[in-house]
Amino acid sequence: MSMIYLPVSLILFLLLLLLFPFIWFAITLDALEIAAAKLGFSPDVALLLLAASILGSTINIPIYEVESEVPVASSITEMWLRQFWGIPLRKIEQKTVVALNVGGGLIPIVLALYQLRQASFVKIAVVTAIVTLVCYFASNVVPGIGISMNPLLPPVTASLCAILLTEASAEAPPIAFAGGVLGTLIGADLLNLRAIQRMSPGVLSIGGAGVFDGIALCGFFALLLS
């Protein structure tokens with residue numbers, strides 16, 4: 001008579017799978033408290049910021065609307081024939097709404113601007129300028145998707161610049177955070193705004209989970225790295 005035994009490793013794997021969301025949340029909360037402490041905030045404020053960011057990520061504040069004409073063709077054959085005979089492609093109007101995401105855009109930007117009072121304005125401006133240039137030349141506009149860029153490039157750049165400017169003092173984290181957030185906003189988002197709004201109809205969310213995602217992520221990693 002044969003008996004079936006459930007391997008202990010399988011039970012442990014299933015248990016780990018069930019506990020993974022809670023473990024991930026605990027690690028995230030721990031990292032957020034460390035990051036908030038580097039900005040001079042208490043753990044209670046860190047928890048409040050996390051809750052505000054999660055709730056705010058579902059809210060987009062419309063800033064302005066753009067209408068543009070886009071050339072279209074019903075098929076590759078039509079496009080080829082029109083180009084061959086010099087006939088311009090048909091154009092359709094599309095609307096693009098540029099919005100600011102509360103959780104991933106507004107809150108990090110407000111926190112970055114607040115650091116202008118806590119750290120050296122000149123050093124933050126220098127880091128912002130460097131990160132802006134790096135993000136602008138490293139980012140690519142992908143039609144229908146948005147801005148493509150290595151997500152670690154801005155925070156690493158901001159952290160290294162802040163450490164070099166402050167000689168790794170306690171002033172480095174707020175400078176890295178502010179410079180990273182503002183540099184990413186300007187270099188990757190605002191300087192590419194005209195190009196991306198012509199290519200992507202619908203809603204472009206600055207700091208949201210869409211086209212302009214990564215502002216909050218940059219600031220968070222910049223704090224942990226500095």
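Residues numbered from 1 in each chain as written. Predicted model: local features only at pLDDT ≥ 70, side-chain atom pairs only at ≥ 80, totals over all residues. Heavy atoms only, no water.

1. Concerning the packing of aromatic side chains
Defined as follows: Paired rings are identified among Phe, Tyr and Trp, the last through its six-membered ring, by centres lying within 6.5 Å, and are further divided according to the angle between planes into stacked (under 30 degrees), edge-to-face (over 60) and tilted (the rest).
Tallying each qualifying case throughout the model produces 1 aromatic pair. Aromatic pair Tyr 136 and Phe 137: ring centres 5.3 Å apart, planes at 75°, arrangement edge-to-face.

2. Observations regarding the packing of helix H7 (residues 172–189) against helix H9 (residues 215–225)
How we decide: Only the stretch in contact is used when a helix axis is fitted, and all axes are lines through C-alpha atoms; the angle between N-to-C directions ranges over 0 to 180 degrees. Runs of E in the DSSP output that reach at least two residues are strands. Runs of H or I that reach at least four are helices, and both are numbered from the N terminus. In these notes the angle categories are as follows: under 35 degrees is roughly parallel, over 145 is roughly antiparallel, 65 to 115 is roughly perpendicular, and the rest is oblique. Note on convention: the crossing is left-handed when the near helix lies turned anticlockwise from the far helix by less than a right angle, right-handed when the turn is clockwise. Here, two residues are considered to be in contact whenever any of their heavy atoms come within 4.5 Å of each other. Side-chain classes are defined by residue name, with Ala, Val, Leu, Ile, Met, Phe, Trp, Tyr, Cys and Pro counting as nonpolar, Asp, Glu, Lys and Arg as charged, and the others, Gly among them, as polar.
Running from amino to carboxyl end, H7 crosses H9 at an angle of 155°, the nearest separation of the two axes being 8 Å. With respect to each other, H7 and H9 are oriented roughly antiparallel. Read as a crossing pair, H7 and H9 show a hand that is right-handed. Together, Pro 173, Ala 176, Phe 177, Gly 180, Val 181, Thr 184, Leu 185 and Asp 189 of H7 and Ile 215, Cys 218, Gly 219, Ala 222 and Leu 223 of H9 make up the contact between the two elements. Along the lines of polarity and charge, the residues of the contact of H7 with H9 split into 9 nonpolar, 3 polar and 1 charged.

3. What to know about the nonpolar core
What counts is decided by this rule: Residues enter a nonpolar core if they are buried and are Ala, Val, Leu, Ile, Met, Phe, Trp, Tyr or Cys, with the set joined through side-chain atoms within 4.5 Å. Per-residue accessibility, obtained with a 1.4 Å probe over protein chains only, is compared with the maximum for each type, and a residue is labelled buried under 20%, exposed over 50%, and partly exposed between these values.
Ranked by internal contacts, the top residues of the largest apolar core, which has 39 residues, are Ala 112, Val 127, Ile 175, Phe 177, Val 181 and Ile 206. Per-element tally for this core: the top contributor is H7, with 9 residues. What Ile 175 contacts, discounting residues up to four positions off in sequence, is Ala 119, Lys 123, Ile 124, Val 127, Ala 162, Thr 166 and Gly 180.

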